[in-house]
Structures are given as structure tokens and as C-alpha cells.
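Coordinates in review
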Amino acid sequence: MKVNEMFTSIQGEGIYIGVPMFFVRLTGCNLRCEWCDTEYAFYEGEEMSIDSIIKKVEESGMKWVCITGGEPLLQEEVYKLIDILLRKDYKILVETNGSILIDKLPTEENLVISLDIKTPSSKMERAMRFENLNYLGPKDFVKFVIMDENDFEYAKKIIEKYEIDKEIIFQPVGSTNLKWLAEKVVEEKLNVRVLPQLHKIIWGNKRGV
Ligand SMILES: C[S@@+](CC[C@H](N)C(=O)[O-])C[C@H]1O[C@@H](n2cnc3c(N)ncnc32)[C@H](O)[C@@H]1O
Ligand SMILES: Nc1nc2[nH]cc(C(=O)O)c2c(=O)[nH]1
Ligand code: SF4
Ligand SMILES: [Mg+2]
């Protein structure tokens with residue numbers, strides 16, 4: 001598999017925010033979100049066998065493994081990696097961009113899916129496969145990265161249209177505009193969680209954290 005980077009950190013996003021995890025960032029992405037903070041993962045990386053990735057995971061001593069990218073579901077071998085990790089009793093969090101069908105991911109208590117729904121500011125909203133919402137289980141969650149009023153209104157519309165009943169995260173772009181977003185959510189009485197990217201608050205916008 002082509003791996004961009006691996007590191008231990010705390011989960012900075014979504015419902016497992018704050019939980020220590022080992023991160024496996026796979027190389028390559030089919031989208032080009034305007035505000036992507038991980039462009040370095042589009043091409044850079046090193047070929048690694050599944051066995052050597054597993055070895056790194058084991059050496060980390062973490063219970064949780066976050067598989068991200070780039071877009072982690074582009075590499076066919078990811079399914080084998082996930083399978084082996086599940087059999088070894090790891091808890092897995094997959095961060096996926098919403099444009100790839102997630103129907104091949106196993107429905108497993110220990111596998112959590114973080115499904116992005118790209119907003120207009122990303123310029124990628126047309127790539128979304130909304131049927132993915134049907135494959136989410138109660139443990140999974142949906143994330144909207146929000147830049148402005150237009151994104152906010154779009155997210156509201158999508159939540160209503162698809163009657164999304166999973167946990168919903170509103171995450172501001174670059175973790176700026178938190179106050180604006182929090183006030184909007186309160187004002188409009190939305191049943192969503194406003195969360196920053198905790199790792200950026202702690203370490204800033206850099207690789208490997
Ligand atoms: C780098 S992506 C990798 C996984 C997958 N490609 C995706 O987009 O979900 C991980 C998460 O970071 C979010 N993200 C990327 N750039 C961001 C930014 N500048 N501000 C806030 N969130 C961002 C993405 O929307 C996604 O939820
Ligand atoms: N600490 C930390 N948490 C994260 N959660 C999702 C990330 C990602 O880039 O996919 C990420 C990341 O890059 N760092
Ligand atoms: S899908 Fe994820 S990795 Fe790809 S460009 Fe968008 S935020 Fe970046
Ligand atoms: Mg990141």
C-alpha cells in the first residue's frame with residue numbers, strides 16, 4: 001500500500017475527539033477540496049506491505065487506529081488491512097470523503113465511519129454519493145466542514161432532505177469561525193455538534209499530529 005505518514009496523536013476531529021490513536025494516512029485522493037489541509041498526501045508516500053503497517057500499529061501500543069488520507073478507500077488493500085486489524089481487536093476509525101461507496105466496509109461494532117459531506121466551499125459537493133448515508137450504522141457519524149453562511153444553509157438542507165439521524169458534526173474550516181458557527185447552531189436550534197480540529201489548536205497546522 002502507498003502510505004503517506006504514520007504517527008500517534010489524539011483524535012482531533014469528530015465524536016472521538018481527544019482519544020489517543022495511531023494514524024495511518026494513505027496516499028492519493030480523488031477530490032481536490034479548496035481548503036484541503038492535507039495536500040501533501042495527494043502523491044507523496046512510500047510503498048509498504050500490509051504486514052509492515054500492522055507491525056507499526058502494534059509497536060504504537062494504541063487501541064485505536066485512524067485510517068485516513070488522502071482518501072483511504074481508494075486503495076483496494078485497505079479492506080484487507082481493516083480486516084486484519086479488526087481480527088486483532090483494534091478499534092478503527094475510517095475518515096472518508098463521501099464520494100466513494102462505503103458498502104464494502106464491514107458492519108462491525110469496532111469499525112467507526114466518519115463520513116464527510118462536502119459543502120459548496122469545497123467545490124466538491126457534486127462528487128457526493130448520498131446513498132452512502134444508507135450504509136451508516138448507529139456508531140458512525142457525518143461531518144460537514146463549514147466555511148460560511150452558504151455552507152451552513154447547504155448542510156441544513158442536506159440534513160433535512162436525507163433525514164440524517166446519525167451524529168452530525170459541524171467543523172469550521174481551519175477551525176476558525178468557531179464562535180460564529182456555534183452561535184448559528186444555537187440560534188437555529190440544530191441538533192448537531194460544533195467541534196474544532198483539536199490537534200490544530202494544540203500543535204498548529206502541521207504534519208504528523
Ligand atoms: C484530510 S481529510 C482525509 C479523509 C478524507 N479525504 C476526507 O476528506 O474525509 C480528513 C478530514 O479533514 C477535513 N479537512 C480537510 N481540510 C480541512 C480544513 N482546512 N479545515 C477543516 N477541516 C478540514 C476533511 O473534510 C475531513 O473531514
Ligand atoms: N490529530 C489528528 N486528528 C485527525 N482526525 C482526522 C485527521 C485527518 O487528517 O484525517 C486528523 C489529523 O490529521 N490529526
Ligand atoms: S477529500 Fe479529503 S484529502 Fe481529498 S482533497 Fe478533500 S479534504 Fe483533502
Ligand atoms: Mg488532518
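Described below are features of the structure shown in this document. What you see is a predicted model; the values in this text were computed from it and never measured. (Residues numbered from 1 in each chain as written. Chains lettered and ligands numbered in written order. Predicted model: local features only at pLDDT ≥ 70, side-chain atom pairs only at ≥ 80, totals over all residues. Heavy atoms only, no water.)

As for the pattern of salt bridges
As enumerated under the stated definition, the model contains 19 salt bridges in all. A salt bridge links Lys200 to Asp37; the nearest nitrogen and oxygen atoms lie 2.6 Å apart. Of this pair, Lys200 sits in helix α5 (residues 198–203) while Asp37 sits in the loop between β2 (20–26) and β3 (46–47); the two residues are 163 residues apart in sequence, bridging distant segments of the chain. Taking the relative accessible area as the measure of exposure, Lys200 reaches 16% and is therefore buried. Between Glu76 and Lys104 there is a salt bridge, with its nearest N and O atoms 2.6 Å apart. With Glu76 in the loop between β4 (64–68) and α2 (78–87) and Lys104 in the loop between β5 (91–96) and β6 (111–116), the pair connects residues that are 28 residues apart, well separated along the chain. On the basis of relative accessible area, Glu76 is assigned to the exposed category, the value being 53%. For Lys104, a relative accessible area of 47% translates into the label partly exposed. (Salt bridge = Lys/Arg side-chain N within 4 Å of Asp/Glu carboxyl O. Helix = DSSP H or I, 4+ residues; strand = E, 2+ residues; numbered from the N terminus. Buried < 20%, exposed > 50% of the residue type's maximum accessible area, 1.4 Å probe, protein only.)

Things to note about the layout of surface pockets
Reported here for the largest pocket is a volume of approximately 760 Å³. As for the largest pocket, its lining consists of 44 residues, of which Glu13, Arg25, Asp37, Thr38 and Gly69 are closest to the centre. Listed by contribution, the elements that provide at least two residues to the lining of the largest pocket are β1 (2–10), β2, β4, β5, β6, β7 (141–146), β8 (167–172) and α5. If one sorts the elements of the lining of the largest pocket by residue count, β1 sits on top with 3 residues. (1 Å grid on protein atoms, 1.4 Å probe; cavity = no way out; pocket = protein on both sides within 12 Å on 5 of 7 lines; lining within 4 Å. Points joined across faces, edges and corners; volume = space filled by probe spheres on them.)

Focus on the nonpolar core
Ile67, Ile82, Leu85, Ile117, Phe144, Ile164 and Phe170 are the most contacted members of the largest nonpolar core, which totals 54 residues. Considering every element that reaches this core, the biggest residue donor is α2, with 7 residues. Among residues more than four places away in sequence, those in contact with Ile67 are Val24, Leu26, Pro72, Val78, Leu81, Ile82, Leu85, Ile92, Leu93, Val94 and Glu95. (Core = buried A, V, L, I, M, F, W, Y, C linked by side-chain atoms within 4.5 Å. Contact = heavy atoms within 4.5 Å.)

Section: the packing of helix α1 (residues 50–60) against α2
The angle between the axes and the distance between the axes are what describe a pair of packed helices. Interaxial distance between α1 and α2 falls to 11 Å at its minimum, and their mutual angle equals 40°. The angle between α1 and α2 places the two elements in the oblique class. For the element pair α1 and α2, the recorded crossing hand is right-handed. Residues Ile50, Ile53, Ile54 and Val57 of α1 touch α2, and the partners they reach there are Lys80, Leu81, Ile84 and Leu85. Broken down by class, the residue content of the contact of α1 with α2 amounts to 7 nonpolar, no polar and 1 charged. (Axes fitted to C-alpha atoms, helices over the stretch in contact; angles between N-to-C directions. Parallel < 35°, antiparallel > 145°, perpendicular 65-115°, else oblique. Left-handed = near helix turned anticlockwise from the far one by under 90°. Nonpolar A, V, L, I, M, F, W, Y, C, P; charged D, E, K, R; others polar.)

Overview of the pairing of β8
In terms of burial, β8 is largely enclosed, as 5 of its 6 residues are buried. Where β7 and β8 come together, 6 bridges link them in parallel fashion. Bridging from a neighbouring strand, Val145 pairs with Gln171 of β8. Following the chain from β7 across helix α3 (residues 149–161) to the adjacent parallel β8, one finds a crossover that is right-handed. Sheet topology places β8 next to strand β9 (residues 193–194); 2 bridges connect them, and they run parallel. Counterpart to Ile169 in the pairing with β9 is Arg193. (Pairing = 2+ DSSP bridges. Right-handed = clockwise from strand over helix to strand, strands pointing away.)

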